[in-house]
Amino acid sequence: MKKVITYGTFDLFHRGHYNIIKRAKALGDYLIVGVTSESYDIERGKLNVRDSLIKRIENVRKTGLADEIIIEEYQGQKINDIIKYNIDLLVVGSDWRGKFDYLKNYCDVMYLERTKNISSTKIRSEGTIFNIGVVTDDINDNGIVSETKFVSGLHVERVYSDEPDVAEAFRDKYELDSCWTDYDEFLSDLDIVYIKCSQKLRADYIERAIEQNKYVISDTPMTLSPERLQELFDKAKEHQVVLVERLTLVYLRAFNQLVWHVHSNLVGDIISVKCAICQDDFEGGKSFNETVSHAIGAIIKLLGRECLDVSTNAVTDAQGNFVYDVITMKYKNALASIEIGSTVDVEDELVIIGSGGRVTIPNDWWNTGYFEAKIEGNEFLKRYSFNFEGNGLRYLLQELLIMIRDKRTECTRLFYDESLLLSEILKRINQRG
Ligand code: CTP
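Residues numbered from 1 in each chain as written. Predicted model: local features only at pLDDT ≥ 70, side-chain atom pairs only at ≥ 80, totals over all residues. Heavy atoms only, no water.

## A few points about the pattern of salt bridges
Side-chain pairing between opposite charges can occur once the charged atoms of the two side chains come close.
In step 1: On inspection of all chains with the given rule, the structure shows 32 salt bridges.
In step 2: Here glutamate 113 makes a salt bridge to arginine 97, at a shortest N to O gap of 3.0 Å. Of this pair, glutamate 113 sits in the loop between β5 (108-112) and α5 (120-125) while arginine 97 sits in the loop between β4 (89-93) and β5, and the two are 16 residues apart along the sequence.
In step 3: Judged by its relative accessible area of 45%, glutamate 113 falls in the partly exposed class.
In step 4: With its nearest N and O atoms 2.7 Å apart, the salt bridge here joins aspartate 406 to arginine 408.
In step 5: If you follow the salt bridges from partner to partner, you end up with Asp204, Glu207, Glu211, Arg228, Glu231 and Lys235 in one network. (Salt bridge = Lys/Arg side-chain N within 4 Å of Asp/Glu carboxyl O. Helix = DSSP H or I, 4+ residues; strand = E, 2+ residues; numbered from the N terminus. Buried < 20%, exposed > 50% of the residue type's maximum accessible area, 1.4 Å probe, protein only.)

What follows is the structure, encoded as structure tokens:
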């Protein structure tokens, strides 16, 4: 009996999918179809899948052509499947030509011509597209243009700057449709506004966008005043839109898994959280407030909202510039410390000390795809690793799309009261001498 296998996501099932399954079936006696799991797709950066795994499996089943359906859950699974199911032939479409030649050691590999003029991507692009406009005062993309390309249903359409040269240069550099220097005109026809201008101007641009019922993503911090932030959130609720702070860490799978594990007692009760950042390493040297916001956000997610006290200590140079800061946040049964090297080289890491062990995210922990745990009584490190693509912004964008489609009125990963607490703490820190 000749056994054939083929793989795919089979999202928004279309005739191209049917054709390849049919042709694969005709090439043998028994056909296995592998359907990618959601977690595998997320891990390989494919964030545009619309149908659930169950629906995609059901669509393959309904063809009546598959003798068996399996789930493809991880990179490298194909070799295991070929051995496990004793496969003679692997069939995929010509878009994969050459990519699976390494499997020829295990079975025959055949690339079939794709069906012309149809793909899941094409069907998705025929659906609703939400337009994004960027508010900027410099000509460099900080990921919003490049990362949007990975999330179907979003399109960066235009740019606003109060400096005409900047607006034009940004438009040309990133091949956007238009550029504007009149903010109200810029806002019309937009669904989402991305604010990446200097921090002092952000709150006003946010407010005006919300008043026009736009969803807003803003670089963090949106303002240094908690009272002003509260006003902005109230306004967002009133206008039934969501105001999202760009704190990508809280959208990353590895960080969410870490929070889940730590809260499920992986290392016992949390005694200490230490976040250290060398400012130069933080996304090419961002402002102190942006850098420290990520650390405060991580601590709030790990230790909660009941922060009892915040204290600061800093070293300044002869000119009075901050060189090195240590910020301590006191909780009932734990302490958190943030160490920022503004001009000195601090080793980047996030360390959680628990009553029964320690968790570490080494290096650039705000971009984490990895963490490790040393658990008391266990001589080996436990290692957790998750792939993620780009700078993490696409995961935030993907969730924003869900918020818009579901008409949610509050951000799903960083709740408004968490953002407000973050802002209170930031205000305290900024009062340092
Ligand atoms: N396929 C095909 N002809 C098409 C579309 C897909 O033969 N017009 C094949 C692919 O080459 C692959 C299988 O169907 O072997 C599953 O493809 P999948 O990636 O799920 O479908 P796409 O439509 O290519 O999806 P996307 O646009 O999201 O990449």
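## Considerations on the layout of surface pockets
In step 1: Reported here for the largest pocket is a volume of approximately 840 Å³.
In step 2: Those elements that provide at least two residues to the lining of the largest pocket are β1 (3-8), α1 (15-26), α4 (77-84), β4 and α5.
In step 3: Counting residues per element, the lining of the largest pocket draws most heavily on α1, at 4 residues.
In step 4: Looking at the second largest pocket, its volume works out to about 630 Å³.
In step 5: Lining of the second largest pocket is provided by 26 residues; of these, Ile42, Leu47, Val49, Gln398 and Ile402 occupy positions nearest its centre. (1 Å grid on protein atoms, 1.4 Å probe; cavity = no way out; pocket = protein on both sides within 12 Å on 5 of 7 lines; lining within 4 Å. Points joined across faces, edges and corners; volume = space filled by probe spheres on them.)

## Looking at the sheet that holds β1
In step 1: The strand order across the open sheet built from 5 strands is β3-β2-β1-β4-β5, with neighbouring strands paired in parallel fashion. In this open sheet, the two strands that pair with only one neighbour each are β3 (68-72) and β5. Averaged over neighbouring strand pairs, the angle between their axes works out to 25° when direction is ignored.
In step 2: Bridge count between β4 and β5: 5 bridges; the pairing is parallel. Within the sheet, the bridge partner assigned to valine 91 lies in β5 and is methionine 110.
In step 3: Contacts between helix α3 (residues 53-62) and the sheet are confined to β2 (30-36) and β3, with β2 contributing the most and set at about 160° to the helix.
In step 4: Packed onto the sheet, α4 meets β1, β3 and β4 and runs at close to 150° relative to β3. (Pairing = 2+ DSSP bridges. Axes fitted to C-alpha atoms, helices over the stretch in contact; angles between N-to-C directions. Contact = heavy atoms within 4.5 Å.)

## Focus: the environment of asparagine 131
In step 1: Mapped onto the fold, asparagine 131 is located in strand β6 (residues 130-135).
In step 2: Separated by 134 residues in sequence, asparagine 131 and asparagine 265 have C-alpha atoms that sit 43 Å apart.
In step 3: Ignoring any residue separated from it by four or fewer positions in sequence, one finds asparagine 131 in contact with His155, Glu157, Asp189, Leu190, Asp191 and Ile192.

## Here's the deal with the sheet that holds strand β13 (residues 309-316)
Hydrogen bonds between backbone groups are what pair the strands of a sheet, and the pairing can be parallel or antiparallel.
In step 1: In space, the 8 strands of this open sheet follow the order β13-β14-β15-β12-β16-β17-β18-β19, with mixed pairing throughout. Each of the sheet's edge strands pairs with one partner strand only, and the pair in question is β13 and β19 (382-385). Averaged over all pairs of adjacent strands, the angle between their axes in this sheet comes to 15°, without regard to strand direction.
In step 2: Taken together, the 4 bridges between strand β17 (residues 357-362) and strand β18 (residues 370-375) define a ladder with antiparallel strand orientation. In the strand pairing of β18, valine 359 is matched with alanine 373.

## Notes on the site of the ligand
In step 1: Taken together, 19 residues lie around the ligand, and Lys46, Asp95, Ile118, Ser120 and Thr121 are the ones closest in.
In step 2: At 2.9 Å, a side-chain N or O of histidine 14 approaches an oxygen atom of the ligand.
In step 3: At 2.6 Å from a nitrogen atom of the ligand is found a main-chain nitrogen or oxygen belonging to isoleucine 118.
In step 4: Its free accessible area being 570 Å², the ligand has 92% of it covered by the protein chains. (Near = heavy atom within 4 Å. Polar contact = N/O pair within 3.5 Å; in protein donor to acceptor, adjacent residues only side chain to side chain. Areas by Shrake-Rupley, 256 points an atom, 1.4 Å probe, with all protein chains shown as cover.)

## A closer look at the pairing of strand β7 (residues 154-160)
Side chains on a regular strand alternate between the two faces of the sheet.
In step 1: Buried residues dominate β7, accounting for 6 of its 7 residues.
In step 2: Pairing geometry for β6 and β7, over 6 bridges, is parallel. Across the sheet, valine 134 pairs through a bridge with valine 159, a residue of β7.
In step 3: By the bridge criterion, 3 bridges tie β7 to strand β8 (residues 178-180) in an arrangement that is parallel. Each bridged residue has a counterpart across the sheet, and for valine 159 the counterpart in β8 is cysteine 179.
In step 4: Following the backbone out of β7, through helix α7 (residues 164-173) and into the adjacent parallel β8, one traces a crossover that is right-handed. (Right-handed = clockwise from strand over helix to strand, strands pointing away.)

## Let's talk about the packing of helix α12 (residues 288-303) against helix α14 (residues 416-430)
In step 1: Orientation of α12 relative to α14, taken along the N-to-C sense of each, is 130°, at an axis distance of 10 Å. As judged from the angle between their axes, α12 and α14 are oblique. Considering how the two elements wind past one another, α12 and α14 form a crossing that is right-handed. Across the interface between the two elements, Phe288, Asn289, Val292, Ser293, Ile296, Gly297, Ile300 and Lys301 from α12 touch Glu418, Leu421, Leu422, Ile425, Leu426, Ile429 and Asn430 from α14.
In step 2: Partitioning the contact of α12 with α14 into residue classes produces 9 nonpolar, 4 polar and 2 charged. (Parallel < 35°, antiparallel > 145°, perpendicular 65-115°, else oblique. Left-handed = near helix turned anticlockwise from the far one by under 90°. Nonpolar A, V, L, I, M, F, W, Y, C, P; charged D, E, K, R; others polar.)

## Some words on the side chain of aspartate 141
In step 1: Considering the arrangement of structural elements, one finds aspartate 141 in the loop between β6 and α6 (144-148).
In step 2: Here aspartate 141 is buried and forms no salt bridge, its nearest opposite-charge partner lysine 196 lying at an N-O distance of 6.4 Å.
In step 3: A distance of 2.9 Å separates a polar side-chain atom of aspartate 141 from the backbone nitrogen of isoleucine 144.
In step 4: Once you skip the residues sitting within four places of it in the chain, aspartate 141 turns out to touch Ser146, Phe170 and Tyr174. (Lys, Arg positive; Asp, Glu negative; His and termini not counted.)

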